[in-house]
Amino acid sequence: MLFLQTIYANLADWGPRLLDALWTSLALTVVAFCLAFLIGLIIEYLRTRRSALVRSIAKSYVVLARGVPVLVILYLLYFGLPGAGIILGAFAAGTLGLAIVYGAFLSEVFRAGLAVIAPGQREAALAVGLTPVQAFRLVLLPQAVRHMLAPLLVNLISLLKDSSICALIAVPELTLISRAIMSESFLPLHVFALTAGLYFVIAWSASLAVRAIERGMALEKGQSKPGKAAETLATQAI
């Protein structure tokens, strides 16, 4: 009880600062995830090309990005690039570093999601006049999204948690501000218990939202007629 009373007594001071930092963490997560989503799509598209060189470059990117720790990439961007005359702000370096790493992870999600689509879907899209890029974007990807929602959510939640690493390059996100409050109050257990609670609420809310979306898609799928998905999507695209 005393533990909760101490948190409540300091909430007026800690609350606004932690909420501002939480918004920074959320902004960092959303921007990095959007960039990672785009990178992942590009990498997966390149891995399906006929050119062996292009496929090798895409595969090498995935191996390197997944094999190097996030913190090392952040240090390279924030501390290393200024030596080459390129200076990135803390938020920009954090966003780019997370996007580089998670772009590789999301490309694997896209690969697995697209693997469940029958080859005939792409052939049908090409047969009605779509280009390979249009077939990928307008026919294959919308169908694959159904199979990718859960893995995308897992990566989004992981990205939110990994955004705390950006505290080490001075991004004023939730972990860094919590550490500052801890240094002022000398109450590390109270401060970080509250911080952990904020992270948990966001991650739990995101999981509930995606579960609701998955249930809605399952109901929609059960009510729709099977087959001819590529023809319908391609006709709409044209």
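Cut-offs applied
Residues numbered from 1 in each chain as written. Predicted model: local features only at pLDDT ≥ 70, side-chain atom pairs only at ≥ 80, totals over all residues. Heavy atoms only, no water. Axes fitted to C-alpha atoms, helices over the stretch in contact; angles between N-to-C directions. Helix = DSSP H or I, 4+ residues; strand = E, 2+ residues; numbered from the N terminus. Parallel < 35°, antiparallel > 145°, perpendicular 65-115°, else oblique. Left-handed = near helix turned anticlockwise from the far one by under 90°. Contact = heavy atoms within 4.5 Å. Expected span 1.5 Å × (residues − 1). Bend = angle between axes of the 7 residues up to and from the residue. pLDDT = per-residue confidence, 0-100. Patch = residues over 30% accessible without salt bridge, like charges linked within 9 Å, V, L, I, M, F, W, Y side chains within 5 Å. Areas by Shrake-Rupley, 256 points an atom, 1.4 Å probe, with all protein chains shown as cover. Salt bridge = Lys/Arg side-chain N within 4 Å of Asp/Glu carboxyl O. Nonpolar A, V, L, I, M, F, W, Y, C, P; charged D, E, K, R; others polar. Disulfide = S-S within 2.5 Å. Phe/Tyr/Trp six-rings, centres within 6.5 Å; stacked < 30°, edge-to-face > 60°. Buried < 20%, exposed > 50% of the residue type's maximum accessible area, 1.4 Å probe, protein only. Lys NZ or Arg CZ within 6 Å of the ring centre and 35° of its normal. Core = buried A, V, L, I, M, F, W, Y, C linked by side-chain atoms within 4.5 Å.

1. Some words on the packing of helix 2 (residues 52–67) against helix 4 (residues 90–115)
- Contact pair helix 2 / helix 4: the axes reach a minimum separation of 8 Å and the direction vectors enclose 125°. On the basis of the axis angle, helix 2 is oblique to helix 4. In this structure, helix 2 crosses over helix 4, and the sense of that crossing is left-handed. For the pair formed by helix 2 and helix 4, the contact residues are Y61, V62, A65 and R66 on the first element and A99, I100, V101, A104, F105, S107 and E108 on the second.

2. A short note on helix 4
- A rise of 1.5 Å per residue sets the reference length of helix 4, with its 26 residues, at 38 Å; its end C-alpha atoms lie 37 Å apart and thus fit the reference within 8%.
- Of all bends in helix 4, the biggest is about 30°, found at G103.

3. Quick look at the confidence of the model for the protein chain
- Per-residue pLDDT for the protein chain averages 85, and the proportion of residues at 70 or more is 91%.
- For the protein chain, the element scoring lowest by mean pLDDT is helix 9 (residues 229–237), at 42; helix 3 (residues 70–80) scores highest, at 95.

4. Regarding a nonpolar patch on the surface
- Together, F200, V201, W204 and L208 make up a nonpolar patch on the protein surface, roughly 410 Å² of accessible area in all.
- For W204, the position within the fold is in helix 8 (residues 188–223).

5. Some points on the packing of helix 4 against helix 6 (residues 132–162)
- Two elements in contact, helix 4 and helix 6, have axes separated by 8 Å at closest approach and are oriented at 135°. What the angle tells us is that helix 4 and helix 6 run oblique. Judged by the sense of rotation from one axis to the other, the crossing of helix 4 with helix 6 is right-handed. Contacts from L98, Y102, F105, L106, V109, F110, G113 and L114 in helix 4 reach F136, L140, L141, A144, H147, M148, P151, L152, N155, S158, L159 and D162 in helix 6.
- The class makeup of the residues in the contact of helix 4 with helix 6 is 15 nonpolar, four polar and one charged.

6. Observations concerning the state of the cysteines
- For the coordinates displayed, the defined rule picks out zero disulfides.
- No disulfide involves C34; its sulfur sits 15 Å from the nearest other cysteine sulfur, which is in C166.

7. Section: the packing of aromatic side chains
- Going through the model one piece at a time under the given rule, you end up with six aromatic pairs.
- Here F37 and F110 contribute two aromatic rings whose centre-to-centre distance is 5.0 Å and whose plane-to-plane angle is 80°, an arrangement assigned as edge-to-face. Linking F37 in helix 1 (residues 2–47) with F110 in helix 4, this pair joins segments that are 73 residues apart in sequence.
- Overall, the relative accessible area of 26% leaves F37 in the partly exposed class.
- Relative to F105, the ring of Y102 lies with its centre 5.7 Å away and its plane at 50°, an arrangement referred to as tilted. In this pair, Y102 and F105 both sit in helix 4, three residues apart, roughly one turn of the helix.
- Overall, the relative accessible area of 5% leaves Y102 in the buried class.
- Overall, the relative accessible area of 29% leaves F105 in the partly exposed class.
- Through pairs of rings, three or more aromatic residues link up here, namely F33, F37 and F110.
- Geometry around Y45 places R49 over its ring, the cationic atom sitting 4.1 Å from the centre.

8. Here we look at the nonpolar core
- Residues L98, L106, M148, L152 and C166 are the most contacted members of the largest nonpolar core, which totals 35 residues.
- Those elements that place two or more of their residues in this core are helix 1, helix 3, helix 4 and helix 6.
- Counting residues per element, this core draws most heavily on helix 4, which supplies ten residues.
- When residues no more than four places from it in sequence are discounted, the contact partners of L106 are F33, A36, F37, G40, L152 and N155.

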